[in-house]
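# Residue-level structural notes
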Amino acid sequence: MAIDVYLSEEKIQKRIAELGAEISKDYAGEEEVIVVGVLNGSFIFMADLVRKLDLPVQMEFLGASSYGDETESSGNVKIHLDLRKDISGKHVLLVEDIVDTGNTIKALQELLSGRNAKSVKVCSFLFKPARLVHKVKIDYLAFEIEDHFVIGYGLDYAGRYRELPYVGIWSEEEK
Ligand code: IMP
């Protein structure tokens, strides 16, 4: 197998600083924002993003999975960890690692829509438009990417490679 660097650590950090400034500007003056990370993939992106926010934030996590150990989405989203906090009347910023088919974001928006949040916005690190099945609105996006299976910076293949500081393209071929 081989990994080619697709988004360097430098490029990622520069973009996250820009995104943090944009989000801080949009929520300026708000009492609080609840940043909700979608586990497992978003934890590294969320950790870097929240440190670029100049806002009063609380952090929560939702556990969702749709892939098993494959590189194709099963389309069947399982919620295995729910929020501990009541979000009614609060601004919620859902943080995802990647929007691929859109199944996960759609399921999470449905889950949260009945909970009377003041607003629910989506911030995704990556977006792969080639494979989108559901029309989803991404309010904040770090990078749009081509149709590759990528790993690193929180994203895994069968549970591995999340710790890489860059995003790489994973392939089975030996180089
Ligand atoms: P969706 O539900 O198809 O939009 O996919 C969302 C989830 O699938 C993401 O949160 C990732 O965990 C996983 N995923 C989608 N594409 C990739 C990829 O290229 N690499 C690693 N994980 C991916």
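Below or above, wherever it landed, is the structure these notes cover.

Definitions and limits used
- Positions within a chain are numbered from 1, following the residues in the order the chain's sequence is written.
- Where local features are concerned, this predicted model is filtered to residues with pLDDT of at least 70; where side-chain atom pairs are given and counted, the filter is 80 or more; whole-chain, interface and lining totals use all residues.
- For side-chain calculations, the full set of non-hydrogen atoms in the structure is used, while hydrogens and water are omitted.
- What is meant by a nonpolar core is a set of buried Ala, Val, Leu, Ile, Met, Phe, Trp, Tyr and Cys residues, joined one to another through side-chain atoms within 4.5 Å.
- Classification of residues uses two cut-offs on accessible area relative to the type maximum, computed with a 1.4 Å probe and protein chains only: under 20% is buried, over 50% is exposed, and between them is partly exposed.
- Helical segments are the DSSP runs of H or I of at least four residues, strand segments are the runs of E of at least two, and each set is numbered from the N terminus.
- At least two bridges found by DSSP between two strands is the condition for calling them paired.
- Patch membership requires more than 30% relative accessible area and the absence of a salt bridge. Residues of like charge join within 9 Å; the nonpolar side chains Val, Leu, Ile, Met, Phe, Trp and Tyr join within 5 Å.
- With residues, only the protein chains shown are counted as cover, and all accessible areas are computed by Shrake-Rupley using a 1.4 Å probe.
- When a carboxyl oxygen of Asp or Glu lies within 4 Å of a side-chain nitrogen of Lys or Arg, that pair is called a salt bridge.
- Axis angles are defined between N-to-C directions and span 0 to 180 degrees, where every axis is a line fitted to C-alpha atoms and, for a helix, only to the segment in contact.
- In this description, contact between two residues means that some pair of their heavy atoms is separated by no more than 4.5 Å.
- Put simply, a residue is near a molecule or strand once any heavy atom of it comes within 4 Å of that molecule or strand.
- Identification of polar contacts relies on pairs of N or O atoms within 3.5 Å, with a donor-acceptor requirement for protein atoms, meaning one able to donate a hydrogen and the other able to accept it, and with residues adjacent in sequence counted only if both atoms are side-chain atoms.

Our focus in this paragraph is the nonpolar core. Counting 29 residues, the largest nonpolar core has Ile-23, Phe-45, Cys-123, Phe-125 and Leu-126 as the members making the most contacts within it. Contributions of two or more residues to this core are made by helix H1 (9-26), strand E2 (33-39), helix H2 (43-50), strand E5 (91-99), strand E6 (119-127), strand E7 (140-144) and strand E9 (167-171). Grouped together as the second largest cluster of nonpolar side chains are 17 residues, Ile-34, Val-36, Ile-87 and Val-122 included.

Turning next to the sheet that holds E9. Pairing is antiparallel in the open sheet, where three strands are placed in the order E1-E9-E8. Taken across any chain shown, the strands that pair with only one partner, and hence form the sheet edges, are strand E1 (2-7) and strand E8 (150-151). Across two bridges, the pairing between E8 and E9 is antiparallel. Bridging from a neighbouring strand, Val-150 pairs with Ile-169 of E9.

All right, on to a nonpolar patch on the surface then. A cluster of nonpolar side chains, namely Met-59, Phe-61 and Leu-81, defines an oily patch on the protein surface of about 240 Å² accessible area. Position of Leu-81 relative to the elements: it lies in strand E4 (residues 78-81). With relative accessibility at 38%, the residue Leu-81 sits in the partly exposed group.

Before going further, it helps to spend a moment on the sheet that holds E4. Strand-to-strand pairing in sheets goes through backbone hydrogen bonds, with the strands running parallel or antiparallel. Across the sheet, which stays open at both edges, the six strands sit in the order E4-E3-E2-E5-E6-E7 with mixed pairing between neighbours. Each edge of the open sheet carries a strand with a single partner, namely E4 and E7. The sheet shows a mean angle of 25° between the axes of neighbouring strands, direction not considered. Direction of pairing for strand E3 (residues 57-65) relative to E4: antiparallel, over a ladder of three bridges. Pairing of Ala-64 across the sheet is with Ile-79, part of E4. The strands touched by helix H3 (residues 103-113) are E2, E3, E4, E5 and E6; relative to E5, the strand with the most contacts, the crossing angle is about 165°.

Within the secondary structure, Ser-124 sits in strand E6. Contact partners of Ser-124, with chain neighbours within four places excluded, come to Phe-45, Glu-96, Asp-97, Ile-98, Val-99, Ile-138, Tyr-140, Leu-141 and Ala-142.

A few words now on the site of the ligand. Not every one of the 17 residues close to the ligand is listed here, only the nearest: Asp-97, Thr-101, Gly-102, Thr-104 and Val-150. Within the contact set of the ligand, an oxygen atom lies 3.2 Å away from a side-chain nitrogen or oxygen of Glu-96. Between an oxygen atom of the ligand and a main-chain N or O atom of Asp-100, the distance comes to 2.9 Å. In the complex, 92% of the free accessible area of the ligand, which totals 490 Å², lies under the protein chains. Those elements that provide at least two residues to the shell around the ligand are E5 and H3.

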